[in-house]
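Spelled out, the chains give:
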Amino acid sequence: MYQLYNARFQVEFGCGSDLWRIHGNCPERSKSIDNDVVMPSTPKSYDPETNIMKTISGSTYEIVSYYNKEKFIEEINKCIEKGCFEKVTLLL
C-alpha cells in the first residue's frame, strides 16, 4: 500500500485530451527525485472512513492528507460511478 499526501483533483493537460483527475504526493512512487507528484489510475473504490483508495490497475493508496477532503469525496464518487476520469474542455 502506498501513502498519498495532498490528494486532490486537478487538470492533467494532454494536448486536447485534458482530464480532471487525481494528483497527489507519493514519494515512494515518484520517478523523479525532485518531484514526488503522481497521478494514480482510475479509482475503483474509496472508503472515506479508512481513507483507502483502490485503483483499476490494482494499486492501493492510503490517503494521508487532502487539499480539500469534501471536494475530493464528491469528485471521486463521480469518478467511481462513471468508471473513468472526466474529460475537460478548456475555453481560452
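Coordinates for the structure precede this section.
Just so we're clear, the structure is a prediction, and the values are computed from it rather than from any experiment. (Residues numbered from 1 in each chain as written. Predicted model: local features only at pLDDT ≥ 70, side-chain atom pairs only at ≥ 80, totals over all residues. Heavy atoms only, no water.)

**A few points about empty space enclosed by the protein**
Any empty space left between atoms is shown by rolling a water-sized probe over those atoms.
Here's step 1: For the structure shown, the criterion picks out one cavity of 30 Å³ or more.
Here's step 2: Size it by volume and the largest cavity reaches roughly 70 Å³.
Here's step 3: Lining the largest cavity are Phe9, Trp20, Glu75, Lys78, Cys79, Lys82, Cys84, Phe85 and Glu86.
Here's step 4: The biggest single contributor to the lining of the largest cavity is helix H1 (residues 69–82), with four residues.
Here's step 5: Grouping the constituent residues of the lining of the largest cavity by class yields five nonpolar, no polar and four charged. (1 Å grid on protein atoms, 1.4 Å probe; cavity = no way out; pocket = protein on both sides within 12 Å on 5 of 7 lines; lining within 4 Å. Points joined across faces, edges and corners; volume = space filled by probe spheres on them. Helix = DSSP H or I, 4+ residues; strand = E, 2+ residues; numbered from the N terminus. Nonpolar A, V, L, I, M, F, W, Y, C, P; charged D, E, K, R; others polar.)

**Topic: the pattern of salt bridges**
Here's step 1: On inspection of all chains with the given rule, the structure shows four salt bridges.
Here's step 2: Across the salt bridge formed by Glu75 and Lys71, the nearest N and O atoms sit 3.3 Å from each other. On the criterion of helical spacing, the pair formed by Glu75 and Lys71 is a turn pair, its members being four residues apart in helix H1.
Here's step 3: Here the residues in one salt-bridge network are Lys71, Glu74, Glu75 and Lys78, joined through shared partners. (Salt bridge = Lys/Arg side-chain N within 4 Å of Asp/Glu carboxyl O.)

**What about the packing of aromatic side chains?**
Here's step 1: Following the criterion strictly, the structure yields five aromatic pairs and no others.
Here's step 2: Relative to Tyr61, the ring of Tyr2 has its centre 5.7 Å away and its plane inclined at 40°; by these criteria the two rings are tilted. In this pair, Tyr2 is assigned in strand E1 (residues 2–12) and Tyr61 in strand E6 (residues 60–63), connecting sequence segments 59 residues apart.
Here's step 3: Given a relative accessible area of 29%, Tyr2 falls into the partly exposed group. (Phe/Tyr/Trp six-rings, centres within 6.5 Å; stacked < 30°, edge-to-face > 60°. Buried < 20%, exposed > 50% of the residue type's maximum accessible area, 1.4 Å probe, protein only.)

**Notes on the environment of Glu75**
Here's step 1: Since its relative accessible area comes to 6%, Glu75 is described here as buried.
Here's step 2: For the pair Glu75 and Arg21, spaced 54 residues apart in sequence, the C-alpha to C-alpha distance is 8.9 Å.
Here's step 3: Beyond its immediate sequence surroundings of up to four residues, Glu75 is in contact with Phe9 and Trp20.
Here's step 4: Among the polar contacts made by the side chain of Glu75, one reaches the side chain of Trp20 at a distance of 3.1 Å. (Contact = heavy atoms within 4.5 Å. Polar contact = N/O pair within 3.5 Å; in protein donor to acceptor, adjacent residues only side chain to side chain.)

**A few points about the nonpolar core**
Soluble globular proteins: nonpolar side chains tend toward being buried together.
Here's step 1: Grouped together as the largest cluster of nonpolar side chains are 16 residues, with contacts concentrated most on Leu4, Ile22, Tyr46, Met53, Ile63, Phe72 and Ile76.
Here's step 2: Where this core is concerned, the elements lending two or more residues are E1, strand E2 (19–25), E6 and H1.
Here's step 3: The residues touching Phe72, leaving out its near neighbours within four places in the chain, are Ala7, Arg8, Phe9, Ile22, Tyr46, Ile63 and Tyr66. (Core = buried A, V, L, I, M, F, W, Y, C linked by side-chain atoms within 4.5 Å.)

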